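Read off the chains here:
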Amino acid sequence: MKKLTREFYIPEGAKKIKAAKTDAVAYINDNFTGKTPYTAMVFGGKRSKYDKYYGFKTKEARANYVIKYFR
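My aim in this report is to walk through the structure given alongside it, one point at a time. Numbering of residues starts from 1 in every chain and runs along the sequence as written. Per-residue local features are limited, in this predicted model, to residues with pLDDT of at least 70; the limit for side-chain atom pairs, both in listing and counting, is 80 or more; totals at the level of whole chains, interfaces and linings are taken over all residues. To get the side-chain values, take all heavy atoms of the structure and skip hydrogens and water.

1. What about the pairing of strand S3 (residues 38-43)?
Only protein chains enter the calculation, and the probe is 1.4 Å; a residue is then buried if its accessible area is under 20% of its type maximum, exposed if over 50%, and partly exposed in between. Strands here are runs of E lasting at least two residues and helices are runs of H or I lasting at least four, both read from the DSSP assignment and numbered beginning at the N terminus. Within S3, five of the six residues are buried, which leaves it mostly tucked inside the rest of the structure. DSSP calls a pair of strands paired once it identifies at least 2 bridges connecting them. Direction of pairing for S3 relative to strand S4 (residues 52-56): antiparallel, over a ladder of five bridges. Across the sheet, residue Tyr 38 finds its bridge partner in S4, namely Phe 56.

What follows is the structure, given as structure tokens:
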């Protein structure tokens, strides 16, 4: 069985955000069509599978989550 890479999980068109003091990375996307249009997928370290993938109703809620995850 072929191992899935990180790129497999990242939504098309997602924007990459790197943490300043850790190796954490978030990919945010504003194009999801559903009840939660703003998504964030976060990875820690060199893991290929995301740690969390959440949808948010506002950009502010998503930004707050990403900041907390990076801490």
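2. Points about the pairing of strand S1 (residues 15-18)
Of the strand pairs in this sheet, S1 and strand S2 (residues 25-29) are connected by four bridges, and their pairing is antiparallel. Pairing of Lys 16 across the sheet is with Tyr 27, part of S2. Between S1 and S2, which pair antiparallel and follow one another directly, the connecting turn spans six residues.

3. Things to note about the pattern of salt bridges
We count a salt bridge whenever a side-chain nitrogen from Lys or Arg sits within 4 Å of a carboxyl oxygen from Asp or Glu. This model, assessed by the stated rule, comprises three salt bridges. With its nearest N and O atoms 3.7 Å apart, the salt bridge here joins Lys 59 to Asp 30. Here Lys 59, found in helix H2 (residues 59-70), pairs with Asp 30, found in the loop between S2 and S3; they are 29 residues apart in sequence, far enough to count as distant. Under the relative-accessibility criterion, Lys 59 is labelled partly exposed at 43%. One salt bridge connects Arg 62 with Asp 30, and the closest N-O pair in it is separated by 2.6 Å. Of this pair, Arg 62 sits in helix H2 while Asp 30 sits in the loop between S2 and S3, placing them 32 residues apart in sequence. Linked by salt bridges that have partners in common, Asp 30, Lys 59 and Arg 62 make up one network.

4. Side note on the environment of Tyr 69
Within the secondary structure, Tyr 69 is located in helix H2. Taking the C-alpha atoms as reference points, Tyr 69 and Gly 44, 25 residues apart in sequence, are found 9.3 Å from one another. In this analysis, two residues are considered to be in contact whenever any of their non-hydrogen atoms come within 4.5 Å of each other. Residues within four places of Tyr 69 in sequence aside, it is in contact with Ala 24, Val 42, Phe 43, Gly 44, Arg 47 and Asp 51.

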